[in-house]
Amino acid sequence: MNILYPIIYGFFYLFSLLPFRILYGISDCLYLLIYHIVGYRKRVVRNNLTSSFPEKDIKEIKRIERGFYHFLCDYFMETIKLLSITPEKMRQHLKFRNVEEVEKCFDDGQTCAGILGHYCNWEYLSATGLGFKRYPDAIMGLIYHPLYNKAFDRLFLNLRQHLGGVCVPKKDILRYLLTYRREKKMSYFGYISDQTPKWNNIHLWLPFLNHDTPVFTNGEKIMRKMNNAVFYVDMERPRRGLYIVTMKLITRTPNELEENAITRRFFEMLEESIHRDPRYYLWSHNRWKRTHEEFDRRFEVINGKVIPKTKNQP
């Protein structure tokens, strides 16, 4: 990694110095390659779209599909740009709404959590700290899963921390949060909560985009333990190169809600965002590869733990 990383970093850093107009021009060429020539994950994308929107005809599905691939290529270019973009330039491309509601929580000594999905450019949320005027020293954190390739893992840490974001591996997040609380530091951590859990982590199924969907609940458990104010992080892309982030309060009293209420509300709000403009969701992920029927056939829940059924069970 010591030899490989400087080469990888140097290449992508120099690439990131290109102006947006050139990066978007490269994105247009990349779209032609991965959509029309390579067909990257085209079958997965088409299956996800047709099963999520059975009311739409094939013409509309293909329009959304093309829009998604255009956006996916833009996402790659925009993310690389994070290596060198200045805070002043970033503020031209990322706007924030309702930040004052988060700051009110800080005023009361309450830390916050943002819950979000793979919608619009979630990597841009590493710059969330730019939206806070009264609490410039508050910790704006991202929970991440380290990459297997150490060189690219280090590259993405640089991308995400360039504008002040603090990256914490998901296995360590509770320890970090407890340390910040002990030190009386205000924090606002983002939880990307629409990933597909492994079989042994499935404890809840929800209706989402016309599918019976397995979901993670660990994020909500941490929010309850920390008594966080919880915000849904809604992103919009009114035009190429501009994102608007709105902090929408879900609750300031998580422990007064029923179990899994935050997770349920998150998926309802995420679905509303996706229906507003489906092009900006991550359709290339095989989100529904695990079904409830297979789960019931292969596993059982005993004392809150998911374990495989023995062979002699039906």
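The structure this text deals with has already been given above.
Residues numbered from 1 in each chain as written. Predicted model: local features only at pLDDT ≥ 70, side-chain atom pairs only at ≥ 80, totals over all residues. Heavy atoms only, no water.

As for the environment of Lys289
Argument step 1. Summarising the element assignment, Lys289 is placed in the loop between α10 (261–276) and α11 (292–298).
Argument step 2. Note on Lys289: relative accessible area 44%, which makes it partly exposed.
Argument step 3. Spatially, the C-alpha atom of Lys289 lies 23 Å from that of Arg66, the residues being 223 residues apart in sequence. (Helix = DSSP H or I, 4+ residues; strand = E, 2+ residues; numbered from the N terminus. Buried < 20%, exposed > 50% of the residue type's maximum accessible area, 1.4 Å probe, protein only.)

Let's talk about the packing of helix α8 (residues 173–182) against helix α9 (residues 218–226)
Argument step 1. Taken N-terminus to C-terminus, the directions of α8 and α9 make an angle of 20 degrees; their axes are 11 Å apart at the nearest point. One element, α8, and the other, α9, form an angle in the roughly parallel class. When you trace α8 past α9, the crossing you get is right-handed. On α9, the residues touching Ile173, Leu174, Leu177, Leu178 and Arg181 of α8 are Ile222, Lys225 and Met226.
Argument step 2. Looking at the contact of α8 with α9 residue by residue, the class counts come to six nonpolar, no polar and two charged. (Axes fitted to C-alpha atoms, helices over the stretch in contact; angles between N-to-C directions. Parallel < 35°, antiparallel > 145°, perpendicular 65-115°, else oblique. Left-handed = near helix turned anticlockwise from the far one by under 90°. Contact = heavy atoms within 4.5 Å. Nonpolar A, V, L, I, M, F, W, Y, C, P; charged D, E, K, R; others polar.)

What about helix α6 (residues 99–107)?
Argument step 1. Taken residue by residue, α6 has Val99, Val102, Glu103, Cys105 and Phe106 as its buried positions. The arc that holds the buried residues of α6, viewed along the axis, is 150 degrees, so those residues lie on one side.
Argument step 2. On its buried side, α6 packs onto β1 (94–97), β2 (112–116), β3 (139–144), β5 (187–192), β8 (229–239) and β9 (242–251).
Argument step 3. Looking one or two residues beyond α6, the residue adopting positive phi is Gly109, at roughly 80 degrees. (Arc of directions from axis to C-beta.)

What about the packing of aromatic side chains?
Argument step 1. Taken as a whole and judged by the stated rule, the model has 32 aromatic pairs.
Argument step 2. For the ring pair Phe208 and Trp288, a centre distance of 6.3 Å and an interplane angle of 40 degrees mean the geometry is tilted. One end of the pair, Phe208, is in strand β6 (residues 205–208); the other, Trp288, is in the loop between α10 and α11, with 80 residues separating them in the sequence.
Argument step 3. Classification of Trp288 as buried rests on a relative accessible area of 13%.
Argument step 4. Counting every residue linked through ring pairs, the aromatic cluster contains Phe53, Phe208, Tyr232, Phe266, Phe267, Tyr281, Trp283 and Trp288.
Argument step 5. Across the ring face of Phe53, the terminal group of Lys56 is positioned such that the distance to the ring centre comes to 5.4 Å. (Phe/Tyr/Trp six-rings, centres within 6.5 Å; stacked < 30°, edge-to-face > 60°. Lys NZ or Arg CZ within 6 Å of the ring centre and 35° of its normal.)

Considering the sheet that holds β2
Argument step 1. Sheet architecture is open: seven strands sit in the order β1-β9-β8-β2-β5-β3-β4, paired in mixed fashion. Because the sheet does not close on itself, it has two edges, and the strands there are β1 and β4 (166–169). Direction aside, the axes of adjacent strands within the sheet are offset by 30 degrees on average.
Argument step 2. Relative to β8, α6 is tilted by about 160 degrees, and along the sheet it contacts β1, β2, β3, β5, β8 and β9.
Argument step 3. Set on the sheet, α10 makes contact with β2, β8 and β9; between it and β8 the angle comes to about 5 degrees. (Pairing = 2+ DSSP bridges.)

Concerning the side chain of Asn260
Argument step 1. Looking at the secondary structure, you find Asn260 in the loop between β9 and α10.
Argument step 2. Other than its neighbours up to four places away in sequence, Asn260 contacts Leu204, Thr217, Glu220 and Arg224.

So, the pairing of strand β11 (residues 305–308)
Argument step 1. Pairing analysis gives four bridges linking strand β10 (residues 299–302) to β11, with the strands arranged antiparallel. When the bridges of β11 are listed, Ile302 appears paired with Lys305.
Argument step 2. Where β10 hands over to β11, the hairpin turn is made up of two residues, of which Asn303 adopts a positive phi near 55 degrees.

Considerations on the environment of Tyr124
Argument step 1. The topology assignment puts Tyr124 in the loop between β2 and β3.
Argument step 2. Residues Tyr124 and His145, 21 residues apart in the sequence, show an inter-C-alpha distance of 17 Å.

Quick notes on a nonpolar patch on the surface
Argument step 1. A contiguous nonpolar patch, built from Leu33, Ile37, Val38 and Tyr40 and spanning about 400 Å² of accessible area, is present on the exposed surface.
Argument step 2. Along the polypeptide, Ile37 turns up in helix α2 (residues 20–38).
Argument step 3. Its relative accessible area of 65% is what places Ile37 among the exposed residues. (Patch = residues over 30% accessible without salt bridge, like charges linked within 9 Å, V, L, I, M, F, W, Y side chains within 5 Å. Areas by Shrake-Rupley, 256 points an atom, 1.4 Å probe, with all protein chains shown as cover. Salt bridge = Lys/Arg side-chain N within 4 Å of Asp/Glu carboxyl O.)

Brief notes about the nonpolar core
The tendency in soluble globular proteins is for nonpolar side chains to be buried side by side.
Argument step 1. Counting 88 residues, the largest nonpolar core has Met90, Leu94, Phe106, Tyr188, Ile274 and Trp283 as its most contacted members.
Argument step 2. Per-element tally for this core: the top contributor is helix α4 (residues 58–81), with 10 residues.
Argument step 3. Grouped together as the second largest cluster of nonpolar side chains are six residues, Trp205, Phe295, Phe299 and Val306 included. (Core = buried A, V, L, I, M, F, W, Y, C linked by side-chain atoms within 4.5 Å.)

With respect to the pattern of salt bridges
Argument step 1. Tallying each qualifying case throughout the model produces 22 salt bridges.
Argument step 2. In this structure, Asp107 and Arg134 form a salt bridge, with 2.9 Å as the shortest nitrogen-oxygen distance. Placement of Asp107 in helix α6 and of Arg134 in the loop between β2 and β3 is noted, with a sequence separation of 27 residues between them.
Argument step 3. Taking the relative accessible area as the measure of exposure, Asp107 reaches 41% and is therefore partly exposed.
Argument step 4. Overall, Arg134 belongs to the partly exposed group, its relative accessible area being 47%.

Any functional reading would require information beyond the geometric quantities listed.
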